[in-house]
Amino acid sequence: MHGTENQGSAGSDGAEDEVATWFSGWFSWCPTSERLLEIAESQILEKIRSYYESEFVPLKNDQRIWTLKFNPTANRSPLVLVHGFGGGVGLWAMNVDTLAEKRTVYAFDVLGFGRSSRPELSTDPAEAEEQFVDSIEQWREKIGLEKFVLLGHSLGGFLATSYAIKHPSRVQHLILADPWGFPVKPTEDNVSRHIPAWVKLLGAVLSPFNPLAGLRAAGPWGPSLVRRFRPDFQRKFSSILSDDTIFNYIYHCNAQVPSGESAFKNMTIPYGWARHPMIYRIGNIDRNVPITMIYGSRSWIESSSGRETQTRRSESYVDVQVITGAGHHVYLDKPDKFNEIVENVCQAVDNGGVEFNAPSESNN
């Protein structure tokens with residue numbers, strides 16, 4: 001009996017040691033780093049044909065913005081790209097070769113995302129929005145841009161609009177690609193009717209956490225988690241990437257300190273609506289700033305906000321384009337059509353801008 005007891009004890013100790021080793025390895029394993037993000041980004045950028053320069057642009061308080069400058073010697077109207085939530089400069093890989101063929105294109109990682117600094121941003125949604133906008137203006141001053149075409153996707157579209165409200169003299173044309181944060185949250189009755197009970201329950205459970213907390217909690221399984229829930233990204237980049245590079249890039253963009261992510265969470269109310277909807281403020285943009293809004297016909301963001309923008313800016317140029325077959329990542333789902341629309345806008349700016357005409361909506 002004594003020997004059996006010893007064997008049981010030894011087996012128990014072995015199991016405990018094994019568990020302890022597993023936990024030790026889990027918590028000591030570094031799931032991400034700036035270097036791993038840099039490597040993942042470089043593997044995407046090496047597929048781009050255009051010449052580009054890169055640098056960390058310094059801001060106040062020792063913050064810095066990671067910036068790429070494509071075709072830096074061009075002399076046409078420059079284009080500035082602002083990515084969406086959870087993204088970074090690498091996600092423009094399907095667009096920059098075409099868009100930078102005739103002009104300089106700037107792409108930067110928004111403060112709190114990608115390889116840019118990740119400071120602690122305000123928990124107040126209005127202040128956080130102001131901090132994002134101020135970082136863009138500081139970046140512009142350091143780069144030395146006077147005027148430019150400004151293009152933002154999703155959260156980037158929201159921030160680009162906020163920037164244009166405050167600094168209209170800098171924006172030659174505002175292009176919004178499936179912009180987040182425009183519509184007002186529907187009434188509770190409409191929310192209850194359209195959102196399944198399990199989604200509301202999951203939202204209540206996850207409400208104390210940042211949107212991508214689960215990705216970081218997944219530890220070494222993080223990239224696999226991205227692959228499982230967003231396999232469409234491999235298809236979107238299939239023409240230039242044949243491996244898991246895009247999954248690694250998205251993971252490393254979002255597995256680090258959730259600075260911008262936390263600010264974004266504070267800017268939202270349950271199920272993703274903006275606390276301060278942009279549709280109420282779109283009329284505050286100088287009437288001389290033309291706007292082009294590009295939506296995907298299959299996106300969860302509805303183009304109705306574009307039509308309402310036309311109504312609210314009836315004396316200004318607002319063009320709404322809906323690209324058939326594209327989803328929220330309209331610039332990736334239909335890159336050729338997206339690039340064509342953007343380049344047409346930029347050429348119009350090169351030629352002196354656009355003339356105001358009656359609001360219209362186009363389907364492509």
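The paragraphs below set out a description of the structure included in this document. (Residues numbered from 1 in each chain as written. Predicted model: local features only at pLDDT ≥ 70, side-chain atom pairs only at ≥ 80, totals over all residues. Heavy atoms only, no water.)

### Description of the environment of G296
Consideration 1: For G296, the position within the fold is in strand β9 (residues 291-296).
Consideration 2: Given the relative accessible area of 6%, G296 is considered buried.
Consideration 3: A sequence separation of 37 residues divides G296 from D333, and the C-alpha atoms of the two residues are 8.5 Å apart.
Consideration 4: If near-sequence neighbours (up to four positions away) are discounted, G296 is found in contact with D178, V322, I323, A326, G327 and V330. (Helix = DSSP H or I, 4+ residues; strand = E, 2+ residues; numbered from the N terminus. Buried < 20%, exposed > 50% of the residue type's maximum accessible area, 1.4 Å probe, protein only. Contact = heavy atoms within 4.5 Å.)

### Focus: the pairing of strand β1 (residues 52-58)
Consideration 1: Two strands pair when backbone bridges link them, and β1 and strand β2 (residues 64-70) are joined in this way by seven bridges, in the antiparallel orientation. Bridge pairing in β2 places E55 opposite T67.
Consideration 2: Between the antiparallel neighbours β1 and β2 lie five residues, among them N61 with a positive phi of about 60 degrees. (Pairing = 2+ DSSP bridges.)

### Topic: the environment of G84
Consideration 1: By secondary structure assignment, the location of G84 is in the loop between β3 (79-82) and α3 (96-99).
Consideration 2: Owing to a relative accessible area of 8%, G84 belongs among the buried residues under this scheme.
Consideration 3: For the pair G84 and A177, spaced 93 residues apart in sequence, the C-alpha separation works out to 9.6 Å.
Consideration 4: Apart from the residues lying within four places of it in its own chain, the contact partners of G84 are H153, S154, L155 and G156.

### Side note on the side chain of E343
Consideration 1: As for its placement among the helices and strands, E343 is situated in helix α15 (residues 335-350).
Consideration 2: When residues no more than four places from it in sequence are discounted, the contact partners of E343 are L99, K102 and R103.

### A short note on the pattern of salt bridges
Consideration 1: Applying the stated criterion across every chain yields a total of 15 salt bridges.
Consideration 2: A salt bridge links D350 to R76; the shortest N-O distance between them is 3.9 Å. Of this pair, D350 sits in helix α15 while R76 sits in the loop between β2 and β3, and the two are 274 residues apart along the sequence.
Consideration 3: Assessed through its relative accessible area of 27%, D350 is described here as partly exposed.
Consideration 4: The partly exposed category is assigned to R76, whose relative accessible area is 37%.
Consideration 5: Residues E308 and R312 are paired through a salt bridge, measuring 3.0 Å at the closest nitrogen-oxygen approach. (Salt bridge = Lys/Arg side-chain N within 4 Å of Asp/Glu carboxyl O.)

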